[in-house]
Amino acid sequence: MSHKVTTVWKEKMIFESDNPSGYSFNLGVSEEENDPYKSLRPKAAMLSSLAACSGLDVVSVTEKMKTEFSDFKIEVSGELTDEHPKTYHTVTVDYHFYGKDLNEKKIKKAVDLSIEKYCGVMEMFRQFATVNTKIHYHSI
């Protein structure tokens, strides 16, 4: 399996990139307050990709385990090196689960499977950064 994307310069510091699923999005840096392109910063998009990759795994595994939660979010932060090329040297992934009677054991197993086995983006990040993870349970 392989993926191919095409990225086209639009104007100034804005690029439009397609996606194998058939839609396009903008990447870049805008100094304008009302940026009509609503572009994602490329490095921040990497953090979003990490969250989505792991989140897909967690949702899939918890569904198979018949484990429920009412809400779920992932916060990812990255610390950049000081010198160019600036890369993430440390990344922190915080998993937040909300619900009544959360099955913490099954949720932890699902997160661990994503971290250790399934999430390819997580593994790519490990090639250049220290990745720290933590699970937070919020009873509502």
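Summarised in this report is the structure supplied together with it. This is a predicted model, so every value here is computed, not measured. (Residues numbered from 1 in each chain as written. Predicted model: local features only at pLDDT ≥ 70, side-chain atom pairs only at ≥ 80, totals over all residues. Heavy atoms only, no water.)

Let us now look at the packing of aromatic side chains. Applying the stated criterion to the full structure yields 7 aromatic pairs. Between Phe 69 and Phe 72, the ring centres sit 5.5 Å apart and the planes meet at 65 degrees, which makes this aromatic pair edge-to-face. Classification of Phe 69 by relative accessible area gives partly exposed; the value is 23%. Judged by its relative accessible area of 17%, Phe 72 falls in the buried class. Where Phe 72 meets Phe 97, the ring centres are 4.5 Å apart and the plane angle is 5 degrees; that geometry is what we call stacked. Pair noted here: Phe 72 is in strand S4 (residues 71-80) and Phe 97 is in strand S5 (residues 88-99), with a separation of 25 residues, a long-range link. (Phe/Tyr/Trp six-rings, centres within 6.5 Å; stacked < 30°, edge-to-face > 60°. Buried < 20%, exposed > 50% of the residue type's maximum accessible area, 1.4 Å probe, protein only. Helix = DSSP H or I, 4+ residues; strand = E, 2+ residues; numbered from the N terminus.)

Once that is clear, we can look at the pairing of S5. With 9 of 12 residues buried, S5 lies mostly within the body of the structure. Inspection of the sheet shows S4 paired to S5 by 10 bridges, in the antiparallel sense. Across the sheet, the residue bridging to Gly 78 is Val 91, located in S5. Sheet topology note: the S5/strand S6 (residues 130-139) ladder contains 10 bridges and is parallel. Note that in S6 the partner of Gly 99 across the bridge is Ser 139. (Pairing = 2+ DSSP bridges.)

Before going further, it helps to examine the environment of Val 131. Relative to the helices and strands, Val 131 is located in strand S6. Sequence separation of Val 131 and Ser 48 is 83 residues, and the distance between their C-alpha atoms is 14 Å. Leaving out residues up to four positions away in the same chain, Val 131 has contacts with Val 91, Val 93, Met 122, Phe 125 and Arg 126. (Contact = heavy atoms within 4.5 Å.)

The next subject is the pattern of salt bridges. Scanning all chains against the criterion turns up 3 salt bridges. Lys 73 serves as the salt-bridge partner of Glu 75, at 3.6 Å between the closest nitrogen and oxygen. Of the residues examined, Glu 75 reaches a relative accessible area of 37% and is grouped as partly exposed. Residue class for Lys 73 comes out partly exposed when judged on its relative accessible area of 37%. A salt bridge links Asp 112 to Lys 108, with the shortest nitrogen-to-oxygen separation between them at 2.6 Å. In this pair, Asp 112 and Lys 108 are both assigned in helix H2 (residues 104-118), 4 residues apart and thus about one turn of the helix distant. In this structure Lys 108 comes out as partly exposed when scored by relative accessible area, which is 41%. (Salt bridge = Lys/Arg side-chain N within 4 Å of Asp/Glu carboxyl O.)

Moving on to the sheet that holds S4. The 3 strands lie next to each other as S4-S5-S6, forming an open sheet whose pairing is mixed. Looking at the sheet topology across the chains shown, the edges are occupied by S4 and S6. Averaged over all pairs of adjacent strands, the angle between strand axes in this sheet comes to 15 degrees, irrespective of strand direction. Helix H1 (residues 42-64) rests against S4 and S5 of the sheet, and its axis sits at about 145 degrees to S4. H2 contacts S5 and S6 of the sheet and is inclined by roughly 160 degrees relative to S6. (Axes fitted to C-alpha atoms, helices over the stretch in contact; angles between N-to-C directions.)

Treat this as a map of the structure, not an account of what it does.
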